[in-house]
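Read off the chains here:
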Amino acid sequence: VMLAANVHISLLLWRVRMYYEPCKSAGTYTALCRGAFKKAPKLQGSFLLFLTGMSQYSFLFGLMGIYLLSAGKGLGMLFYQQRVCLPVWAAISGAILLPFAGTAREMGSYKSLVWINIMT
């Protein structure tokens, strides 16, 4: 059910981006929100832009936490003979993944990593 909802919302966002003139150059959700509410009252537009940004950053913060814990757990399982606790494995994973996460501003910046993700 969630996959169908995700596809439906993605199609709606794509249609807004493609067919509503102020959103044609939008590359982020906040830019899409800014374009969609361009004609709205200033207070309403500002609030929705703030809400969109905060929800995106909150989601990404939680997602990166789960991603970091998963990577740390994976390293711990890969090197199970070593006596190292999960927070240390998570810190090592963070040090390895930080250059990629810090420089990838757009989805698909590292095409080789996208293909490795698809293959695994």
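Below: a short report on this structure. Note that the structure is predicted; figures quoted are calculated from it, not measured.

Attention shifts here to the packing of helix H3 (residues 42-78) against helix H4 (residues 86-103). Running from amino to carboxyl end, H3 crosses H4 at an angle of 120 degrees, the nearest separation of the two axes being 8 Å. Here H3 and H4 pass one another in a crossing that is right-handed. Of the residues in H4, those touching H3 at Met-64, Tyr-67, Leu-68, Leu-69, Ala-71, Gly-72, Lys-73, Leu-75 and Gly-76 are Leu-86, Trp-89, Ala-90, Ile-92, Ser-93, Gly-94, Ile-96, Leu-97 and Ala-101. Class assignment for the residues of the contact of H3 with H4 results in 13 nonpolar, four polar and one charged.

What the rule picks out here adds up to two aromatic pairs. An angle of 80 degrees between the planes, with centres 6.3 Å apart, marks the rings of Trp-14 and Tyr-19 as edge-to-face. With a centroid separation of 5.8 Å and 15 degrees between ring planes, the pair formed by Phe-79 and Trp-89 is classed as stacked. Separated by ten residues along the polypeptide, Phe-79 in the loop between H3 and H4 and Trp-89 in helix H4 bring together distant segments of the chain. Accessibility expressed as a relative area gives 40% for Phe-79, which makes it partly exposed. Residue classification places Trp-89 among the buried residues on the basis of a relative accessible area of 9%.

A few words now on helix H2 (residues 29-36). Turning to H2, its buried residues number three or more, namely Ala-31, Leu-32, Cys-33 and Gly-35. Buried residues along H2 sit in contact with helix H1 (2-19) and H3.

Geometry of a packed helix pair, given as the angle between the helix axes and the separation of the axes. Contact geometry for H2 and H3: axes closest at 9 Å, N-to-C directions at 165 degrees. Taken together, the axis directions place H2 and H3 in an arrangement best described as roughly antiparallel. As for the relative orientation of H2 and H3, their crossing is right-handed in sense. Contact residues: Tyr-29, Thr-30, Cys-33 and Arg-34 in H2; Leu-48, Leu-49, Thr-52, Gly-53 and Gln-56 in H3. Of the residues belonging to the contact of H2 with H3, the class tally is four nonpolar, four polar and one charged.

Right, let's get into the side chain of Thr-52. Relative to the helices and strands, Thr-52 is located in helix H3. Its relative accessible area of 18% is what places Thr-52 among the buried residues. Other than its neighbours up to four places away in sequence, Thr-52 contacts Tyr-29, Thr-30 and Cys-33.

Let us now look at a nonpolar patch on the surface. A surface patch of nonpolar side chains, about 670 Å² in accessible area, is lined by Leu-3, Val-7, Leu-11, Trp-14, Met-18 and Tyr-19. Tracing the backbone through its elements, the reader meets Leu-3 in helix H1.

Conventions and cut-offs
Residues numbered from 1 in each chain as written. Predicted model: local features only at pLDDT ≥ 70, side-chain atom pairs only at ≥ 80, totals over all residues. Heavy atoms only, no water. Axes fitted to C-alpha atoms, helices over the stretch in contact; angles between N-to-C directions. Helix = DSSP H or I, 4+ residues; strand = E, 2+ residues; numbered from the N terminus. Left-handed = near helix turned anticlockwise from the far one by under 90°. Contact = heavy atoms within 4.5 Å. Nonpolar A, V, L, I, M, F, W, Y, C, P; charged D, E, K, R; others polar. Phe/Tyr/Trp six-rings, centres within 6.5 Å; stacked < 30°, edge-to-face > 60°. Buried < 20%, exposed > 50% of the residue type's maximum accessible area, 1.4 Å probe, protein only. Parallel < 35°, antiparallel > 145°, perpendicular 65-115°, else oblique. Patch = residues over 30% accessible without salt bridge, like charges linked within 9 Å, V, L, I, M, F, W, Y side chains within 5 Å. Areas by Shrake-Rupley, 256 points an atom, 1.4 Å probe, with all protein chains shown as cover. Salt bridge = Lys/Arg side-chain N within 4 Å of Asp/Glu carboxyl O.

Purely geometric numbers; function is a separate question.
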